[in-house]
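Examination of the molecular architecture
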Number of protein chains: 2
Amino acid sequence: MKMKKPLQPIDNLRCKIDAIDTQIASLLQQRAQHVNEIGKYKSHTNITIYNPIREFFQLNKLLDGNVGLLSNKNVLGIFRQIISLSYNLEGGMKLGFIETPTTQNSTLMEIGCRKQFGLNAPHLYRYENYKKLFHTIVNQEVDYAVVAMSDASEWSPLLIKHKLHIHSSFVTEHLEALTEFMVISQKPLDDDNLNKTCVIISCKQPSTLANLERTLLEMRDKLPQEINILPLTKNNQKFLLTINNNSSDKNIVAFLNDLQNTFCVDYMVSYMAANIAY
Amino acid sequence: MKMKKPLQPIDNLRCKIDAIDTQIASLLQQRAQHVNEIGKYKSHTNITIYNPIREFFQLNKLLDGNVGLLSNKNVLGIFRQIISLSYNLEGGMKLGFIETPTTQNSTLMEIGCRKQFGLNAPHLYRYENYKKLFHTIVNQEVDYAVVAMSDASEWSPLLIKHKLHIHSSFVTEHLEALTEFMVISQKPLDDDNLNKTCVIISCKQPSTLANLERTLLEMRDKLPQEINILPLTKNNQKFLLTINNNSSDKNIVAFLNDLQNTFCVDYMVSYMAANIAY
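First things first, this report covers the structure right here in the doc. (Residues numbered from 1 in each chain as written. Chains lettered and ligands numbered in written order. Predicted model: local features only at pLDDT ≥ 70, side-chain atom pairs only at ≥ 80, totals over all residues. Heavy atoms only, no water.)

Examining the relation of the copies chain A and chain B
For the match of chain A to chain B, the screw axis carries a shift of 0.0 Å, the RMSD comes to 0.0 Å, and the turn is 180°. Classification of the inter-copy transformation places it as that of a two-fold axis. (Least-squares fit on C-alpha atoms with pLDDT ≥ 70 in both.)

Focus: the sheet that holds strand 2 (residues 124-127) of chain A
Residues and elements named next belong to chain A. What the 9 strands build is an open sheet, ordered 2-1-3-5-4-9-6-8-7; its pairing is mixed. Each edge of the open sheet is held by one strand with a lone partner, namely strand 2 and strand 7 (227-231). Between one strand axis and the next, the sheet turns by 30° as a mean value, whatever way the strands run. As paired strands, strand 3 (residues 144-148) and strand 5 (residues 177-185) are joined by 4 bridges and run antiparallel to one another. Within strand 5, the position partnered with Val146 by the bridge is Val183. Lying over the sheet, helix 5 (residues 130-138) contacts strand 1 (95-98), strand 2, strand 3 and strand 5, oriented at roughly 155° with respect to strand 3. (Pairing = 2+ DSSP bridges. Helix = DSSP H or I, 4+ residues; strand = E, 2+ residues; numbered from the N terminus. Axes fitted to C-alpha atoms, helices over the stretch in contact; angles between N-to-C directions. Contact = heavy atoms within 4.5 Å.)

Overview of the pairing of strand 1 (residues 95-98) of chain B
Across a regular strand the side chains alternate sides, sitting on one face of the sheet and then on the other. All names here are of chain B. Residue alternation in strand 1 divides its side chains into two sets, Leu95 and Phe97 and Gly96 and Ile98, and both sets are buried. One ladder, built from 4 bridges, connects strand 1 with strand 2 (residues 124-127); its direction is parallel. Each residue of the ladder has a partner; that of Phe97, found in strand 2, is Arg126. Note that strand 1 and strand 3 (residues 144-148) share 2 bridges and pair parallel. If you follow Gly96 over to strand 3, its bridge partner there is Ala145. (Buried < 20%, exposed > 50% of the residue type's maximum accessible area, 1.4 Å probe, protein only.)

So, the sheet that holds strand 1 of chain B
Residues and elements named next belong to chain B. Spatial strand order, 2-1-3-5-4-9-6-8-7: 9 strands in an open sheet with mixed pairing. Looking at the sheet topology across the chains shown, the edges are occupied by strand 2 and strand 7 (227-231). This sheet shows a mean twist of 30° between the axes of neighbouring strands, independent of strand direction. When strand 6 (residues 196-203) meets strand 9 (residues 263-273), the two strands line up antiparallel, connected through 8 bridges. By the bridge assignment, Ile201 is partnered in strand 9 with Val265.

Description of the interface of chain A and chain B
In this assembly, 68 residues from chain A lie in contact with 68 residues from chain B. Taking both partners together, chain A and chain B bury about 6400 Å²; carbon and sulfur atoms supply 68% of that area. Here chain A is connected to chain B by 4 salt bridges. Taking the shortest distance from any N to any O, the salt bridge between B:Asp18 and A:Arg54 comes out at 3.1 Å. At the level of secondary structure, the elements contributing two or more residues to the side of chain A that touches chain B comprise helix 1 (9-45), helix 2 (52-64), helix 3 (72-89) and helix 4 (103-117) of chain A. Residue contributions to the side of chain A that touches chain B peak at 27 residues, all from helix 1 of chain A. Among the residues making up the side of chain A that touches chain B, the classes are represented as 29 nonpolar, 21 polar and 18 charged. (Buried area = accessible area lost by both parts, 1.4 Å probe. Salt bridge = Lys/Arg side-chain N within 4 Å of Asp/Glu carboxyl O. Nonpolar A, V, L, I, M, F, W, Y, C, P; charged D, E, K, R; others polar.)

Structure (structure tokens):
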């Protein structure tokens with residue numbers, strides 16, 4: 001006859017955890033039913049499944065109320081995976097990204113996609129290069145392209161050429177480095193709540209880098225907050241700027257006017273930047 | 001003045017989802033407190049943080065009670081991430097795996113580790129090859145090595161040489177293929193609940209593959225269930241067998257006796273195989 005092990009002090013704690021897990025599992029199933037209803041409604045009204053604006057406010061509300069041992073990143077990590085289940089319940093969506101010959105970059109791209117769109121995101125499509133990836137966006141073979149901000153010099157000409165739209169951006173922490181991604185679609189996304197604007201400018205005439213930087217620095221005085229400047233070409237003729245405002249925001253009108261008077265504005269679109277890096 | 005958008009039919013559903021999310025977030029924080037208590041207890045008693053046996057029964061209970069739109073895989077995916085937060089709350093653990101020159105293999109290794117041990121698993125260490133990885137296990141620089149079953153011919157000689165222990169196995173679904181991983185440690189894991197046994201055998205004298213297979217097939221009659229046979233060497237002298245029983249299980253005693261009489265048994269250890277692939 002086998003002896004039963006005596007109860008350990010942690011068994012009581014484990015019972016409490018099991019009870020919590022049962023409640024969470026039941027809440028997840030209730031949630032799925034509501035999501036399923038939303039999916040039915042969306043399919044009748046042509047509302048898109050991916051809604052970065054709704055997600056932003058939904059997650060912000062949770063993070064604002066977050067008190068306890070779990071950090072905002074911890075909570076965000078779990079809820080991104082919970083939300084990702086919704087994409088499939090509402091009918092699924094196709095995401096494309098590029099697979100590079102560099103091991104670390106490819107892993108980074110895939111980890112980024114899966115952190116944001118679900119560990120089990122079943123509809124991930126891999127392409128050799130940005131040209132092929134953007135081609136599938138134009139042909140609507142995939143719904144969204146996920147691109148690395150650090151590759152902007154490669155994909156920004158295609159973004160302008162095909163008049164594509166940035167829907168959202170998010171930042172992934174991987175190997176102790178932060179990587180910013182953008183989510184691109186053929187369809188426009190127009191809303192007053194979009195919290196960031198991307199502007200691509202070209203210099204009207206050749207200039208030195210010092211001159212350019214001085215001009216931009218002077219304009220920054222007209223901005224209530226930081227602007228991020230990314231050179232797109234080696235000769236410093238094209239730049240990608242990101243500003244923490246909607247392009248219709250009255251706080252940046254003066255700045256955008258100055259930009260248009262000084263440079264060629266090749267591209268300008270507002271999008272939704274995700275809450276925090278994780 | 002800005003007009004407020006009229007309420008949409010989905011707003012009511014979204015309110016319900018938000019209420020559920022608030023409850024889940026609160027339950028996650030309560031759970032974290034209990035986990036923290038367990039962590040304190042474990043640190044005083046030297047009980048290991050990673051407990052594949054407890055996880056197996058914890059998750060099985062949830063999956064047994066799972067009814068609704070979310071599949072077992074969906075629920076498992078969320079709970080694996082919830083459990084992974086516990087590892088850090090209890091003090092953290094170090095995991096090693098290999099990074100290969102092949103893009104797809106490396107991504108696969110990393111996705112496997114992150115699905116099982118957490119998207120944000122902060123203590124992942126990458127090594128060039130299995131020799132270096134197993135060296136860190138022997139020196140206790142990392143707590144566990146996560147290895148791909150398909151690479152068993154590479155790492156099994158090191159497993160035998162250093163007398164290491166398999167603690168668990170899990171199966172990851174990636175790019176529509178299933179990959180089995182094993183989690184290896186320097187410490188033994190002894191429990192009646194372990195549900196699988198790994199045996200590595202060598203032929204006493206050279207034999208043909210056909211003979212070997214016939215011998216093993218005959219022995220399989222003594223097993224109540226399937227046995228998996230993986231050749232480890234090109235000359236078919238070494239094999240890795242996995243059996244769905246604990247080595248102390250009376251159902252496999254006859255089979256293990258036959259094995260020991262017919263072959264050299266180089267290695268035998270029981271471990272915990274995870275519930276389902278995801």
